[in-house]
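# Structure at a glance
Residue-level listing of the chains:
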Number of protein chains: 4
Amino acid sequence: MKLGHYCGLFGVHGNADAASITYFGLQALQHRGQEGAGIATTDGGPIRVHADQGLVSDVFREKRTLELLTNPIAIGHVRYSTSGGSSSSCNVQPLYAHCGGIPVALAHNGDLTNKVQLRKRLENEGALFQTTMDSETILHLLAKAEGPDLELRLQSVLAELQGAYTLLLLTPDRLIAVRDPRGFRPLMMGRMGDATVFSSESCAFDLYDEIEDVREIEPGEIVSVSQSGTRSLRFGDPHTKRLSRCIFEQVYFARPDSKIFGRNVHRVRMEFGRQLAREHPVDADIVSAVPDSGNSASMGYSLESGIPLDRSFIKNHYIGRTFITPDPKTRSMKVKVKLNAVREVVEGKRVVVIDDSIIRGTTSLSRMAALKKAGAKEVHLRISCPPTRHPCYFGIDFPTQTELIAGKYSVAEIAKFLNVDSLGYLSEAGMLKCVDGERDSYCLACFNGEYPCATPAEIGE
Amino acid sequence: MKLGHYCGLFGVHGNADAASITYFGLQALQHRGQEGAGIATTDGGPIRVHADQGLVSDVFREKRTLELLTNPIAIGHVRYSTSGGSSSSCNVQPLYAHCGGIPVALAHNGDLTNKVQLRKRLENEGALFQTTMDSETILHLLAKAEGPDLELRLQSVLAELQGAYTLLLLTPDRLIAVRDPRGFRPLMMGRMGDATVFSSESCAFDLYDEIEDVREIEPGEIVSVSQSGTRSLRFGDPHTKRLSRCIFEQVYFARPDSKIFGRNVHRVRMEFGRQLAREHPVDADIVSAVPDSGNSASMGYSLESGIPLDRSFIKNHYIGRTFITPDPKTRSMKVKVKLNAVREVVEGKRVVVIDDSIIRGTTSLSRMAALKKAGAKEVHLRISCPPTRHPCYFGIDFPTQTELIAGKYSVAEIAKFLNVDSLGYLSEAGMLKCVDGERDSYCLACFNGEYPCATPAEIGE
Amino acid sequence: MKLGHYCGLFGVHGNADAASITYFGLQALQHRGQEGAGIATTDGGPIRVHADQGLVSDVFREKRTLELLTNPIAIGHVRYSTSGGSSSSCNVQPLYAHCGGIPVALAHNGDLTNKVQLRKRLENEGALFQTTMDSETILHLLAKAEGPDLELRLQSVLAELQGAYTLLLLTPDRLIAVRDPRGFRPLMMGRMGDATVFSSESCAFDLYDEIEDVREIEPGEIVSVSQSGTRSLRFGDPHTKRLSRCIFEQVYFARPDSKIFGRNVHRVRMEFGRQLAREHPVDADIVSAVPDSGNSASMGYSLESGIPLDRSFIKNHYIGRTFITPDPKTRSMKVKVKLNAVREVVEGKRVVVIDDSIIRGTTSLSRMAALKKAGAKEVHLRISCPPTRHPCYFGIDFPTQTELIAGKYSVAEIAKFLNVDSLGYLSEAGMLKCVDGERDSYCLACFNGEYPCATPAEIGE
Amino acid sequence: MKLGHYCGLFGVHGNADAASITYFGLQALQHRGQEGAGIATTDGGPIRVHADQGLVSDVFREKRTLELLTNPIAIGHVRYSTSGGSSSSCNVQPLYAHCGGIPVALAHNGDLTNKVQLRKRLENEGALFQTTMDSETILHLLAKAEGPDLELRLQSVLAELQGAYTLLLLTPDRLIAVRDPRGFRPLMMGRMGDATVFSSESCAFDLYDEIEDVREIEPGEIVSVSQSGTRSLRFGDPHTKRLSRCIFEQVYFARPDSKIFGRNVHRVRMEFGRQLAREHPVDADIVSAVPDSGNSASMGYSLESGIPLDRSFIKNHYIGRTFITPDPKTRSMKVKVKLNAVREVVEGKRVVVIDDSIIRGTTSLSRMAALKKAGAKEVHLRISCPPTRHPCYFGIDFPTQTELIAGKYSVAEIAKFLNVDSLGYLSEAGMLKCVDGERDSYCLACFNGEYPCATPAEIGE
């Protein structure tokens, strides 16, 4: 499964090596976005930005590029999607602009549901849009906002935004972190000596022994760090505590060693696997994962079911770097480049396969076929989340409902399509049990269609 | 001499190969800007832009990059200066933005004298600036302008601009060319079959036999080309005919084979050389040029004076591509990498050397010293323009007055500093005679300080 | 653990897409060598070679490079070490030369024990050596060999070689595969329609469904494929059946989905893990692998011991691409970039950790420390092979005996050095039991110092 | 005109910056070869080599590459042709090998007439050829040569070579320079403080003020420089003084500021132009050069004839860097990218055009046509050497006789083909007069077919 429109944020305030620390931080967050990367830094004077398409290690291939950014305050960004780009190298982040005369760099993770509406309004007012990113919309609002200081102007801007967003803003004298009131996306902060650090996921903090006092930025919180200290402001409706944390972070996006929404991701996935074994037991010889997405859940399934864990698929670790794709003729030879089904493991066996999700079904189809071709007697597919039936408007670029296989077909039909001997999805209730979650603290819209706030269609976009 | 802040424009409307034609056109204009290049194209749908730092051949190193731009309407840009760049790869042109919902790409040559004022006003109105180029100011004005069509909105924008500008604008359905009312910079148009082409200089048109009906865009003219035909509009004060064409185009910037302001550049420079011989004759054995800047004028001087032309300096043609510079130790060996003074030519000779200008004086100093070291008995330096004493606000990045050697010192003092046996500059009157020019049709401000319009300081910026 | 001097071979005879098939084959073998790659092809005319330092995907970054090699016969090579290189880009393979007027390309995996002796003899005879690869020695011998055809000349050359070698040779009309008489390194062949394919490991064959009739090249076998058919010749002493297959292929080098020396590597490693559990049981809460080297063995240990499998370490998948390394200051922050120990998994737990080997001990030291720091109550390290105490002369670039931690210290001392609560190595006998191997069919010299043939020192080099 | 198979050599012994000095030296010699470059250095230990295809500035793009070569002894090479390359990156120089156990790097300019014969003999003796360069043949001979020291072994090797060669050899403790007994190619030496420097042309010495005591390596001289001093040996037939210095160095190859065979090249070319004016006078309005090849000669013609010099063609200086070539469609638009004929200069004029040679005639044809198209009333072409009718076997890659236009057609026929109003070639006698040369001191074989030594055909190759 490969989903788009995803991002990772990292920031440092108050360390002379802020650019380097951010560089390594972004590498630890690389799984959140492989198509673009950038860092903006300042020492109180002008803001320097370097951002381009590619992996962090490509964008900062030359040490000199990083050295030119040496400064005590930095924010960085990795992004998945580079969609919308005519002038593509400008469609990466951090986005840099002068907002009412103040230089600002912005890194943004999420998706605004009222972005089209906001943009139309701004365009009618004569605003000039140079990218297609909704992050630019935020900066336009900030440029027009009024108020005695940047934090208060920002507060008034945030009141206009609907949907999912975590933000890092850099100005010559401060670093500001924001998490939307529903807390769709994670954003962590910590202390590193005298410096303050921010990261989408805790795994990036683990690079440094010195980082301590790690906590989540609260939903609806603005944290502003400057030389004169750290300031926390609240925004959003104080009367509601309803959260919409994205359960898909736990299912798929976050790195297993991260702590997201208070829980270790690997542990949660293992619990998903255990629960899956309870909900969909089956008589089989081995349990195995689709690597690496099913690794943690497969351990849980094996543990709960008592069926031994084995490796039905082996991954080719170097294939990701391939620039040359098989041409039609070679493709007709059915190149199987990413995962290899191991005959010696599966031949004659009843195999339980654990994956984290099925989106379009096409990849799963060829993998299940490979197992059968390698001699598996039975294939039982278990998915560590409920069927994904509805589009996401909060930062995951799911296909449209008609492209989502579970949007059109029943579980039985999907099992038939994939030609597996049985298929079991984790239930919504079972999933929530694993995170001790009340319905009201997670967004499950991609499973049940119950959107926590107005969708773009409802807003009239 | 190396001066900054210069640009070249090329555009095509109505040829399927517009991107390729623009690519080769930009190569012919490469002398007008070596630090950035870009092309924007459209076929009526979205605008595609590719622009980056480097030479045209570097920016479009891969044929694929150019192929992705294949479209019937194109504009291109080469630029000298990459100044002002935080997010440097975004500080190249064509600049792309949505102006009131319409996608527009803009390529700009020149410099606005009221740019700071305009930008401040726009920022106060909440406009978001993402680059430091004054070209962005033009787009902001356009985004806010009102009027029944783009051309009329553009007209109202141009009424606000002061200073030097030639523009090419691309929208999904048209290509618009603009030249400021004083005609500071050149801009030509021609017909290529059914297509219309634009270029800063005619030398780029000479690549194609098919181009005909070549004429200058008039000062104060907007030419708009769309499928429904070509439209010409005038703007600016109709009561004045005073022009401010940049004489430095003739002296230094333009390619010798171009026709600028109605005259072939090589011819003009040869006349400068002849006039120089009349104004500053000297008894000498040979005349020679500082290659390539003095080539044409040296022919004129030789012809008028009867002193034979010879080659005192030989150029190393490959040195421009050097990325590695001599380190201090090697530099102490006095590496003479660009021009080599030929002992066999100058030894025991009285040499007249022709160059186009002296800016700081440091380069001239080392060249004159090299001639003496190679054995020249006498060195007589002749400069094919008057002393450059004043900064330019119309597109040439001269040093400040205190850095200009002629801004601080008399001709006699400069001669002494350069240790030459005599030094002669072309007179202002002599120069104008060569172009049959009235004082009112050229800008000579860098020589005499008489600025044709208010300077930034006068505007209060 | 990172060991050098390793290689992978792939070859195709008789398919128009031989270059592409070899390209993807080399990618599947990339784990056998990441520092150089090359492909040589022919269509009966001249041999074309492209080889350079870097990953396969770097060396053939441009599709055009591969297209220029389009030809029906191809051999390819990936190599680990680029040691010995003054003119480094020439020290990659396939090596190309004219041997007695015949163009030959050679790809070689292994290490000759008498290479210094052979090279000295050849140099004394006036041979010109242009690389430091022992592969060049083989070509020199071939250039001087006499005999009615290439295969017979090759046979006489092979009689002179001692040590480990598998070879692929390409001439304009044939592809020849060779495996040394003791069978140190693996080499497989298969049929792909009318074509014949060769590969160091079977995992590269698995890319193509069409490949069938897969078998090992026998120790002491020459297979020569030309348009007139396939010919197999034997060489070496017919009276001995003693083999010296490298057990380290099973322990470390080969990909888990390959079948090496008749056995699936993952299965063998799992057995190593089971046997390890029998030999070194321990009371613990979880078993976990050092990813990815201990993955398969950890499954076996968990299965045999009944202790649940968990993930103590999470790998950063993108870190391999880092070109920038932490500078001293950052390093003092103890950047832990490759593996992250997961506190939520190990805190308060008694952890069994499975790895495949300990070479110098420094990497293990920092990993075991990370587990303790993350809160592990006890750490029990289990190694799926015996202590590696002796250098290898057959293709693995082990450090010298004094650098090998097990070459100097007892198991108890190593345990103390690593600060683990217990340390257990697989026994030699236990290891052989897992491969049903008699002592005489595997080389175990790195464990027991019993070299199957004369070492360089014994030869007098 | 673009001729192949040409090279430039540069070397330094005894300066800590030898690699940098060689780098800049090669840049000054870049006109002698643009397709490959390399440097080999040593400090008494191993020889380091870096060489690749491309310009000097491309091959040493990264300062680090050059820094890795820092050593007190260095030789460098630029080459024109990369012909013969299967493994192309190995077909550049300096060529590195072990000759009888001694590491040697060799840079070679010239062409051996008996190279095929020598190679065949060596191959029959079992020698392994890894490149197609005849330089490799020299190293093979050296590897087999016997004698008490390297210089004497080299002497015996040189006795076997026929044809043109200048050589620089680097061993760990010395730098050896060689020029063939007929002196086909130039090779200079000089003193730079305590260091000794070598260069194909003196223009590279002019970079450094410190270089003095410049002299030619004598034909048939070996100069060997080591820490213990400089040694000069003679080889070749002492009874003949006949030289075969290549007159084409003066006509075309050498840089105008070099002193070749005792004469400044620009001066010689100017004399060619004067003599041409005497031999082929014509009534005309202007004289102009085909830049840059005709620049010096055009000055001589103008001076002698009294016809004013002008610039009929202007060169596009940036076009050399174009990687993208016009595609067929664009080409049909007749892109004229390199030289632009200036209408304002030639219109209605009788133009004398000076070029250095006509090889195939196709380039001249299109240039003369461009002049007529730009309005020239008459075009009189003058060539500053005699008709080139015969192939060169001494280092210039002329086309075969049937491809040489003067090999097939009379001067009158060529004039008709080129559609010029008159055509005049410099006479052989006139040419020799300009260099005060006796027939016996220059090779004029390309004009008159009188080869100074046996041709490959005569040798039976």
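Residues numbered from 1 in each chain as written. Chains lettered and ligands numbered in written order. Predicted model: local features only at pLDDT ≥ 70, side-chain atom pairs only at ≥ 80, totals over all residues. Heavy atoms only, no water.

### Some details on the overall build of chain A
The secondary structure content of chain A amounts to 17 helices and 24 strands. Its C-alpha radius of gyration of 23 Å places chain A within 12% of the 23 Å reference for a compact globule of 461 residues. With the principal axes as the frame, chain A shows a C-alpha extent of 70 × 50 × 45 Å. A separation of at least 24 residues holds for 69% of the contacts in chain A among residues at least 6 apart in sequence. Surface accessibility of chain A: about 16,000 Å² in total, with carbon and sulfur atoms responsible for 48%. (Helix = DSSP H or I, 4+ residues; strand = E, 2+ residues; numbered from the N terminus. Rg over C-alpha atoms; globule rule 2.2 N^0.38 Å. Contact = heavy atoms within 4.5 Å. Areas by Shrake-Rupley, 256 points an atom, 1.4 Å probe, with all protein chains shown as cover.)

### A closer look at the interface of chain C and chain D
Contacts between chain C and chain D engage 27 residues on the former and 29 residues on the latter. The junction of chain C with chain D conceals about 2,200 Å² of combined surface from both sides, 51% of it contributed by carbon and sulfur atoms. At the junction of chain C and chain D, the tally comes to 0 salt bridges. Applying the counting criterion to the chain C and chain D interface returns 4 residue pairs in polar contact (both at pLDDT 80 or more). Those elements that place two or more of their residues in the side of chain C that touches chain D are strand S5 (95–99), helix H4 (115–124), strand S7 (128–129) and helix H5 (134–144) of chain C. In terms of residue class, the side of chain C that touches chain D is made up of 12 nonpolar, 10 polar and 5 charged. In this sheet, strand S7 (residues 128–129) of chain D lies alongside S5(C) in antiparallel orientation, the contact comprising 2 bridges. Pairing of Cys99(C) across the sheet is with Leu128(D), part of S7(D). (Buried area = accessible area lost by both parts, 1.4 Å probe. Salt bridge = Lys/Arg side-chain N within 4 Å of Asp/Glu carboxyl O. Polar contact = N/O pair within 3.5 Å; in protein donor to acceptor, adjacent residues only side chain to side chain. Nonpolar A, V, L, I, M, F, W, Y, C, P; charged D, E, K, R; others polar. Pairing = 2+ DSSP bridges.)

### As for the relation of the copies chain C and chain D
Of the transformation superimposing chain C on chain D, the axial component is 0.1 Å and the angular component is 180°, with the fit at an RMSD of 0.1 Å. One copy is carried onto the other by what is essentially a two-fold rotation axis. Counting the interface residues of chain C, we find that 100% of their copies in chain D are interface residues as well, pointing to one common contact surface. (Least-squares fit on C-alpha atoms with pLDDT ≥ 70 in both.)

### Observations concerning the sheet that holds strand S18 (residues 286–289) of chain A
Residues and elements named next belong to chain A. Reading across from one edge, S18-S21-S22-S23 is the order of the 4 strands in this open sheet, with parallel pairing throughout. With partners counted over all chains shown, the strands left at the sheet margins are S18 and strand S23 (422–425), one partner each. If you compare each strand with its neighbour and ignore which way they point, the axes differ by 20° on average. In this structure, S18 lies alongside strand S21 (residues 350–355), joined through 4 bridges in parallel fashion. Each bridged residue has a counterpart across the sheet, and for Ser-288 the counterpart in S21 is Val-353. Each of S18, S21 and strand S22 (378–383) touches helix H9 (residues 295–305); the most contacted strand, S18, lies at about 165° to it. Contacts from helix H14 (residues 411–418) reach S22 and S23, with the element oriented near 135° to S23. (Axes fitted to C-alpha atoms, helices over the stretch in contact; angles between N-to-C directions.)

### Some remarks on the confidence of the model for chain A
All names here are of chain A. Residues of chain A with pLDDT of at least 70 account for 92%, and the chain-wide mean is 91. Under a pLDDT of 50 for its full length, residues 82–89 has, in the predicted model, 17 contacts with residues more than four places off or in other chains. For this predicted complex, the interface confidence score (ipTM) comes to 0.92, while the overall pTM stands at 0.89. (pLDDT = per-residue confidence, 0-100.)

### With respect to the pairing of strand S2 (residues 36–42) of chain C
Each regular strand carries side chains that alternate between the two faces of the sheet. Residues and elements named next belong to chain C. Counting buried residues in S2 gives 7 out of 7 residues, a clear majority hidden from the surface. Burial of S2 is two-sided: the residues Gly-36, Gly-38, Ala-40 and Thr-42 facing one way and the residues Ala-37, Ile-39 and Thr-41 facing the other way are all buried. As judged from the 7 bridges shared by S2 and strand S4 (residues 73–79), these two strands associate in the antiparallel manner. Residue pairing for S4: Ala-37 is matched across the bridge by Val-78. Examined bridge by bridge, S2 and strand S3 (residues 48–53) share 6 bridges and lie antiparallel to one another. Bridge pairing links Gly-36 to Gln-53 in S3. Counted along the chain from S2 to the antiparallel partner S3, the turn is 5 residues long, and its residue Gly-44 has a positive phi close to 105°. (Buried < 20%, exposed > 50% of the residue type's maximum accessible area, 1.4 Å probe, protein only.)

### Here's the deal with the sheet that holds strand S21 (residues 350–355) of chain D
All names here are of chain D. Strands sit in the order S18-S21-S22-S23 across an open sheet of 4 strands; the sheet is parallel. Each edge of the open sheet carries a strand with a single partner, namely strand S18 (286–289) and strand S23 (422–425). Geometrically, the sheet is characterised by an average inter-axis angle of 20° between neighbouring strands, direction not taken into account. Contacts from helix H12 (residues 362–373) reach S21 and strand S22 (378–383), with the element oriented near 150° to S22. Strand contacts of helix H14 (residues 411–418): S22 and S23, with the helix running at about 135° to S23, the strand carrying the most contacts.

### Thoughts on the environment of Asn295(B)
Positionally, Asn295(B) belongs in helix H9 (residues 295–305). Along the sequence, Asn295(B) and Asp356(B) sit 61 residues apart, while their C-alpha atoms lie 9.1 Å from each other. Apart from residues no more than four positions distant in its own chain, Asn295(B) is found in contact with Ala289(B), Val290(B) and Arg311(D).

### Quick notes on the side chain of His140(D)
Mapped onto the elements, His140(D) comes out in helix H5 (residues 134–144). Given a relative accessible area of 1%, His140(D) falls into the buried group. Leaving out residues up to four positions away in the same chain, His140(D) has contacts with Gly126(C), Leu128(C), Leu122(D), Ala127(D), Leu128(D) and Phe129(D).

### Re unusual backbone geometry
Between Pro291(B) and Asp292(B) the backbone carries a cis peptide bond, its omega angle lying at -10°. If you trace the backbone, Asp292(B) turns up in the loop between strand S18 (286–289) and H9. For Asn419(A), which is not a glycine, the phi torsion comes out positive at approximately 55°. Note on placement: Asn419(A) falls in the loop between H14 and S23. Asn419(A) gets classed as exposed once you look at its relative accessible area, which sits at 52%. Of note, the phi angle at Asp213(D) is positive, near 50°, even though the residue is not glycine. Summarising the element assignment, Asp213(D) is placed in strand S12 (residues 211–216).

### So, the packing of helix H5 (residues 134–144) of chain B against helix H6 (residues 150–158) of chain B
All names here are of chain B. Two elements in contact, H5 and H6, have axes whose closest approach is 9 Å; the angle formed by their N-to-C orientations is 125°. When the axis of H5 is compared with that of H6, the two are oblique. Note on packing geometry: the crossing formed by H5 with H6 is right-handed. Taken together, the residues of H6 that come into contact with H5 (itself represented by Ile-138, Leu-141 and Leu-142) are Leu-150, Arg-153, Leu-154 and Val-157. (Parallel < 35°, antiparallel > 145°, perpendicular 65-115°, else oblique. Left-handed = near helix turned anticlockwise from the far one by under 90°.)

### Some words on helix H1 (residues 18–28) of chain D
Buried residues dominate H1(D), accounting for 11 of its 11 residues. For H1(D), the full list of buried residues reads Ala18(D), Ala19(D), Ser20(D), Ile21(D), Thr22(D), Tyr23(D), Phe24(D), Gly25(D), Leu26(D), Gln27(D) and Ala28(D).

### Topic: the packing of aromatic side chains
In the structure shown here, the tally under the stated rule is 44 aromatic pairs over all chains. With a centroid separation of 4.7 Å and an interplanar angle of 85°, the aromatic rings of Tyr252(C) and Phe253(C) are classed as edge-to-face. Among the aromatic residues, those joined into a cluster by ring pairs are Phe184(A), Tyr393(A), Phe394(A) and Tyr451(A). A cation over a ring is seen here: Arg245(D) above Tyr442(D), with NZ or CZ 4.6 Å from the ring centre. (Phe/Tyr/Trp six-rings, centres within 6.5 Å; stacked < 30°, edge-to-face > 60°. Lys NZ or Arg CZ within 6 Å of the ring centre and 35° of its normal.)

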